[in-house]
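Each chain is listed here by its residues.
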Amino acid sequence: MRRLFLCVLLLAVGCKAQSPNNADLNRKIENQVRVSFGVPPYVDVSVGERTPSSEFQGYDRLVVNFSYQGQSQTRELLVSADGKKLLSVMKMDLTRDPLAEVMAKMDLTGRPVRGNKDAKVTVVVYDDFQCPYCSRLHQTLNDVLKSYGGEIKVVYKDFPLLEIHPWAERAAIDSGCLAKQSAGAYWDFADYVHANGRQIQGEKRPIEMQRSEIDRIAMDTGKRHSADATALASCVKEQSKTDLKASLKEAAGLGIEATPAIFINGMKLDGAVPEEQLRVVLDKALINVGVAAPAKPVPAPGH
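The structure displayed is predicted, hence computed values, not measured ones.

So, on to the pattern of salt bridges. With the rule as written, the count across this model stands at 20 salt bridges. A salt bridge links lysine 117 to aspartate 118, with the nearest nitrogen and oxygen atoms 3.3 Å apart. This pair shows no difference in class: lysine 117 is exposed, exactly as aspartate 118 is. Notably, a salt bridge pairs aspartate 270 with lysine 268, separated by 2.3 Å at the nearest N-O pair. Of the residues examined, aspartate 270 reaches a relative accessible area of 55% and is grouped as exposed. One continuous salt-bridge network, built from bridges that share partners, spans Asp24, Arg27 and Lys28.

Quick look at the structure:
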């Protein structure tokens, strides 16, 4: 079954004439569309022929075409038979689950999990190790996991902003090397790097030294978690971008342009979401899958 949401955009586009002149009506439609949709003057707007609507009595269907420098797109509208009202119709297919479709675009195979790996609520974060807002969200998630850890799972994907964060790519690749051997090593590395970004960057430390520091941290982390030192060193030295490119392509397909980007069972949030807001979204996600939300933590005295 489909639900139709109607937005009456434009009223009184004409106030007389039972059968308005097509050219005059099309001009009015074009003007209203330009203003209502914010269409720039240099974009050509053309109004197609009217055909009777099979779904809306008293309205005709028409297609408006927008074109500029060889590129074009269309939008379907409805105009009343008397030429006095214009409607924009959005159809939503309730047989589809758009949030599930978002999650299906993410490849989480082999990615380290924090929390309950069998949880019904999945939090996916597209992360940049050098992004201060990502570091803030990382800490917020760690705090939230103290009470939600048994009901959610957290997975990170890489989306380093190469233009402004010169060692973020290195950290993403090195973290991937650790992830292939130990989930614990991956999260240990993520915790340390997100907490010590300024120290890694240093005071006027050359970029290559910053990248070398990332490599040192990765190797030390692997050692603490009994990783295969030879395999880890080889992976760190190789700096293969295969997995990173796949993650970047995936993020682009999801419309991600900045970090952090968070998806909670497919529902997207942007930026370093405050803990209170994050808890609200997590609670709703849990309720939607039939899981009781955890009790709200009691604030410490003086807070």
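Together, Met90, Met92 and Leu94 make up an exposed nonpolar region whose accessible area comes to about 290 Å². With respect to the secondary-structure elements, methionine 92 resides in strand 6 (residues 85-93). The exposure class assigned to methionine 92 is partly exposed, which follows from its relative accessible area of 34%.

Two cysteines form a disulfide when their sulfur atoms are joined by a covalent bond. Under the criterion given, the structure shown has one disulfide. Two residues share a disulfide in this structure: cysteine 177 and cysteine 235, whose sulfurs sit 2.1 Å from each other. Since a negative S-S torsion denotes a left-handed disulfide, the cysteine 177-cysteine 235 link at about -80 degrees is left-handed. One end of the pair, cysteine 177, is in helix 4 (residues 168-179); the other, cysteine 235, is in helix 8 (residues 229-238), with 58 residues separating them in the sequence. Note on cysteine 235: relative accessible area 18%, which makes it buried. The thiol sulfur of cysteine 131 is not disulfide-bonded, and the nearest other cysteine sulfur, from cysteine 134, lies at 3.2 Å. On the basis of relative accessibility, which here comes to 2%, the residue cysteine 131 falls in the buried class.

Cut-offs applied
Residues numbered from 1 in each chain as written. Predicted model: local features only at pLDDT ≥ 70, side-chain atom pairs only at ≥ 80, totals over all residues. Heavy atoms only, no water. Salt bridge = Lys/Arg side-chain N within 4 Å of Asp/Glu carboxyl O. Buried < 20%, exposed > 50% of the residue type's maximum accessible area, 1.4 Å probe, protein only. Patch = residues over 30% accessible without salt bridge, like charges linked within 9 Å, V, L, I, M, F, W, Y side chains within 5 Å. Areas by Shrake-Rupley, 256 points an atom, 1.4 Å probe, with all protein chains shown as cover. Helix = DSSP H or I, 4+ residues; strand = E, 2+ residues; numbered from the N terminus. Disulfide = S-S within 2.5 Å.

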